[in-house]
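Residue-level listing of the chains:
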Amino acid sequence: MSNKPAIHRQLNIKSGVSKRLLKEHILYAKEAEEQQRTFDKLIANKAEEWDLKSAKRILEESHRMIKDSDNRLGKAVQDLRELVLRVKSQPEFAEDIELLHAEEALEEASVHLDSKVSA
């Protein structure tokens, strides 16, 4: 694994995937909160049964998307972590900027995942 351009490309791809999935996960969580407020408002306003079922179905789909994005984010972080550890063991990448960016992306995603576990 000494082909530096290929390794840089993999670091960029995997860190980009982690960043994108983290952003996606956060957006799904916000959407679920918004859908929960809408559902609660419909209950408080004694909305029709069809409206309640529809809102509940949308809320359940939001929760499924959160779980799905969480699984994909966890896998992407694991892949990035493994790549970073392999690359760190190579001396020619000691001060590599691409490696530093990948470590930053890994740290950001890991902090988010760790905060979810502790919550």
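Below is a short write-up of the structure. Just so we're clear, the structure is a prediction, and the values are computed from it rather than from any experiment.

Across its full length, the protein chain holds three helices and zero strands. Helices and strands appear in the protein chain in the N-to-C order α-α-α. Whereas a compact globule of 119 residues would reach a radius of gyration of roughly 14 Å, the protein chain reaches 20 Å, over 25% beyond that. In terms of overall dimensions, the protein chain has C-alpha extents of about 65 × 25 × 15 Å along its principal axes.

On to the packing of aromatic side chains. Overall, the coordinates contain zero aromatic pairs when judged by the stated rule. Sitting above the plane of the Phe93 ring, Lys4 keeps its charged end 5.3 Å from the centroid.

Once that is clear, we can look at unusual backbone geometry. The backbone of Lys46 shows a phi angle near 50°, a positive value even though the residue is not glycine. Relative to the helices and strands, Lys46 resides in the loop between α1 (4–44) and α2 (49–88). The exposed category is assigned to Lys46, whose relative accessible area is 74%.

Rules behind the numbers
- Each chain carries its own residue numbering, running from 1 in the direction its sequence is written.
- A pLDDT threshold of at least 70 governs which residues receive local features in this predicted model, and a stricter bar of 80 or more applies before side-chain atom pairs are shown or counted, although totals over entire chains, interfaces and linings include all residues.
- Side-chain calculation: all heavy atoms of the structure are included, whereas hydrogens and water are not.
- A run of DSSP states H or I qualifies as a helix once it reaches four residues; a run of E qualifies as a strand once it reaches two. Both are numbered from the N-terminal end.
- In this treatment the radius of gyration is a C-alpha quantity, and the globule benchmark scales as 2.2 Å times the residue count to the 0.38 power.
- Two rings from Phe, Tyr or Trp (for Trp, the six-membered ring) form a pair when their centres sit within 6.5 Å of each other. Planes less than 30 degrees apart are called stacked, planes more than 60 degrees apart edge-to-face, and all others tilted.
- The rule for a charge over a ring is simple: NZ of Lys or CZ of Arg within 6 Å of the ring centre, and within 35 degrees of the ring normal.
- Exposure classes here rest on a 1.4 Å probe applied to the protein chains alone. A residue is buried below 20% of its type maximum, exposed above 50%, and partly exposed in between.

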